[in-house]
Amino acid sequence: MSFKVGVIGATGAVGRTLLDILEKRRFPVSELRPFASSRSEGKEISLFGKLWRCQALKDDAFRGLDFVFVDVDDPIAKEWVPKAADAGAWVIDNSASFRLDPEVLLLVPEVNGDVLRRKLQKAGPLGIKDRILANPNCSTAQLVMALKPLQDRWGLKRVVASTYQSTSGAGAVGMSELKEQTQAYLQESPLKIETFSHQIAFNCIPHIGGFSEDGYTSEERKMMIESRKILGLSDLKMSVTAVRVPTFFCHAESVNIELEKNFEMDEVRKALSDFSGLTLMDDPDQKIYPMGFSVAHQDSVYVGRVRRDPSLESGLNLWVVSDNLRKGAALNAVQIGEEILANQKKN
Ligand SMILES: NC(=O)c1ccc[n+]([C@@H]2O[C@H](COP(=O)([O-])OP(=O)(O)OC[C@H]3O[C@@H](n4cnc5c(N)ncnc54)[C@H](OP(=O)(O)O)[C@@H]3O)[C@@H](O)[C@H]2O)c1
């Protein structure tokens, strides 16, 4: 069986990665309908050896589609996601527009895929909100992947995370800005600052998203609120600092965790390495630990620098690195689609 698939934002950083992943994982696509802005109308997109023309969005755009992957900014997603769901498609949304809607599932399949499976097995017709499935923020996805095996075995008391986020997290324009500023800086030419709040070349910026009154940025708030929803821990104590760094791919996170129960380090390593989708890369004597440079374009979430925090009774430090365009966005979306394919027969 194969399916008619729409991709909104097919020309963007996440959309292009998603098309690559659909092909690599052989997602059963009989027809692709790529959507982008009117600037890209008519552009050819290749998938499974065929070329498909990019279209602009219009009201009957989704007729007959089984799946719509949404990889555009929040305001566009907010308008078009319900229309795609209303047209009968499963809509897997990478924007933040519906993540906190209590009727919409926010999913990382390895962590809380069970809630989706339960919904798919539920008797009765599905409503529009049932057909919308939200992907978390890229930094949230890799964080909850590392936290889940610890939660299951020892319980989570408190999490403090600091991020080192690549420019691709801000989309294709973020990467272009880093490249252009780096070239201009080295040639001692004036720099153009458009996407980030300051120069990103040779700089780290502790500011992703807008600031709220409590001093946290929207990116930091997303990581805290979304992690609690995915882990099902509405009271989890968390504090996050999100920093943009001058790299192209992968987000890194320094994560300090206070667990509910005492642990043995060997058991922690085993729990992390046994968890599906996580790879333990931790041999400091051999200079082995995850770095964006070495794990870019990989599917796994990598964990290294695993060590006890001696300042707490049950404290642990981790260094977590993952490709934000893959597990942080496109791969996670395709995995949600795969869960639907694997379970919808029982629906
Ligand atoms: N980048 C990440 O690491 C990441 C991770 C998780 C979630 N997300 C979320 O995923 C979404 C896409 O991010 P991105 O990084 O891929 O952004 P991007 O590289 O800027 O791509 C944006 C896409 O939106 C399309 N678009 C713009 N205006 C449109 C319109 N009016 N109608 C239809 N399509 C339109 C663009 O088409 P044109 O090429 O024609 O302009 C392009 O395909 C965002 O909501 C983002 O927050 C991103």
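Structure: see above.
Note that the coordinates shown come from a computational prediction; the quantities given were computed from them, not determined experimentally.

Colleague: Can you tell me about the overall build of the protein chain, naming the residues and giving the values?
Modeller: Looking only at helices and strands, the protein chain has nine helices and 14 strands in total. A compact globule built from 347 residues should have a C-alpha radius of gyration of about 20 Å, and the protein chain, at 20 Å, falls within 12% of that. Expressed along its principal axes, the backbone C-alpha trace of the protein chain runs to roughly 60 × 60 × 45 Å. Here the protein chain, with 347 residues, has 52% of them falling under the buried criterion. Within the protein chain, contacts between residues separated by at least 24 positions form 70% of all contacts whose residues are at least 6 apart in sequence. With an accessible surface of roughly 16,000 Å², the protein chain has 49% of that area assigned to carbon and sulfur atoms. Averaging the coordinates of the 44 positive side-chain charges in the protein chain and doing the same for the 46 negative ones gives two points 4 Å apart.

Colleague: Go over a nonpolar patch on the surface with me, naming the residues and quoting the values.
Modeller: Together, Tyr185, Leu186 and Phe202 make up an exposed nonpolar region whose accessible area comes to about 360 Å². Inspection of the secondary structure assignment puts Phe202 in the loop between α5 (172-186) and α6 (218-231).

Colleague: A description of the side chain of Lys327 should follow, citing residues and the corresponding values.
Modeller: Along the chain, the position of Lys327 falls in helix α9 (residues 326-343). A polar atom in the side chain of Lys327 sits 2.5 Å from the side chain of Gln335. Excluding residues within four positions of it along the chain, Lys327 makes contact with Val108, Pro109, Glu110, Ala141, Met145, Asp299, Val301, Ser322, Asn332 and Gln335.

Colleague: Provide a residue-level description of the packing of helix α3 (residues 109-121) against α9, including the pertinent values.
Modeller: Taken N-terminus to C-terminus, the directions of α3 and α9 make an angle of 35°; their axes are 10 Å apart at the nearest point. When the axes of α3 and α9 are compared, the crossing they make is right-handed. In this structure, α3 contributes Pro109, Glu110, Leu116, Arg117, Leu120 and Gln121 to the contact, and α9 contributes Lys327, Asn332, Gln335, Ile336, Glu339, Ile340 and Asn343. Taken together, the residues of the contact of α3 with α9 break down into five nonpolar, four polar and four charged.

Colleague: Quick rundown of the side chain of Thr140? Include the residues and the values.
Modeller: Residue placement: Thr140 occurs in helix α4 (residues 138-154). Here Thr140 falls in the buried class, since its relative accessible area comes to 0%.

Colleague: Residues and numbers for the site of the ligand, please.
Modeller: Around the ligand sit 26 residues, and of these Thr11, Ser37, Arg39, Ser40 and Val72 come closest. Ser40 is positioned with one of its side-chain polar atoms (N or O) 2.4 Å from an oxygen atom of the ligand. With respect to the detected pockets, the ligand is housed in the largest pocket. Listed by contribution, the elements that provide at least two residues to the shell around the ligand are α1 (13-24) and α9. Each residue belonging to the shell around the ligand can be placed in one class, and the counts come to 11 nonpolar, 12 polar and three charged.

Colleague: If you had to explain the packing of α4 against helix α7 (residues 265-274) to someone new, which residues and values would you point to?
Modeller: Packing of α4 against α7 brings their axes to within 9 Å, and their N-to-C directions diverge by 125°. One finds that α4 runs oblique with respect to α7. Crossing of α4 against α7: the hand is right-handed. In contact with Ala146, Pro149, Leu150, Arg153 and Trp154 of α4, α7 contributes Glu267, Val268, Ala271 and Leu272. Taken together, the residues of the contact of α4 with α7 sort by class into seven nonpolar, no polar and two charged.

Colleague: Explain the pattern of salt bridges residue by residue, including any values.
Modeller: Between side chains of opposite charge, a pair can form as their charged atoms come close. Summed over all chains, the structure comprises 23 salt bridges. Glu226 is the partner of Arg99 in a salt bridge, and the nearest nitrogen-oxygen pair spans 3.0 Å. Remark: Glu226 occurs in helix α6 and Arg99 occurs in the loop between β6 (90-93) and β7 (105-106); sequence separation between them is 127 residues. The burial state of Arg99 is the same as that of Glu226; both residues are buried. When the shortest N-O distance is used, the salt bridge between Lys148 and Asp152 registers 3.1 Å. Placement of the pair is Lys148 and Asp152 together in helix α4, with a separation of four residues, close to one helical turn. Take Lys148: its relative accessible area is 15%, and that puts it in the buried class. Counted as one network, the salt bridges with shared partners bring together Asp20, Lys24, Arg25, Asp299, Arg326 and Glu338.

Rules behind the numbers
Residues numbered from 1 in each chain as written. Predicted model: local features only at pLDDT ≥ 70, side-chain atom pairs only at ≥ 80, totals over all residues. Heavy atoms only, no water. Helix = DSSP H or I, 4+ residues; strand = E, 2+ residues; numbered from the N terminus. Rg over C-alpha atoms; globule rule 2.2 N^0.38 Å. Buried < 20%, exposed > 50% of the residue type's maximum accessible area, 1.4 Å probe, protein only. Contact = heavy atoms within 4.5 Å. Areas by Shrake-Rupley, 256 points an atom, 1.4 Å probe, with all protein chains shown as cover. Lys, Arg positive; Asp, Glu negative; His and termini not counted. Charge placed at Lys NZ, Arg CZ, Asp CG, Glu CD. Patch = residues over 30% accessible without salt bridge, like charges linked within 9 Å, V, L, I, M, F, W, Y side chains within 5 Å. Salt bridge = Lys/Arg side-chain N within 4 Å of Asp/Glu carboxyl O. Polar contact = N/O pair within 3.5 Å; in protein donor to acceptor, adjacent residues only side chain to side chain. Axes fitted to C-alpha atoms, helices over the stretch in contact; angles between N-to-C directions. Left-handed = near helix turned anticlockwise from the far one by under 90°. Nonpolar A, V, L, I, M, F, W, Y, C, P; charged D, E, K, R; others polar. Near = heavy atom within 4 Å. 1 Å grid on protein atoms, 1.4 Å probe; cavity = no way out; pocket = protein on both sides within 12 Å on 5 of 7 lines; lining within 4 Å. Sits in = over half its atoms within 2 Å of the grid points. Parallel < 35°, antiparallel > 145°, perpendicular 65-115°, else oblique.

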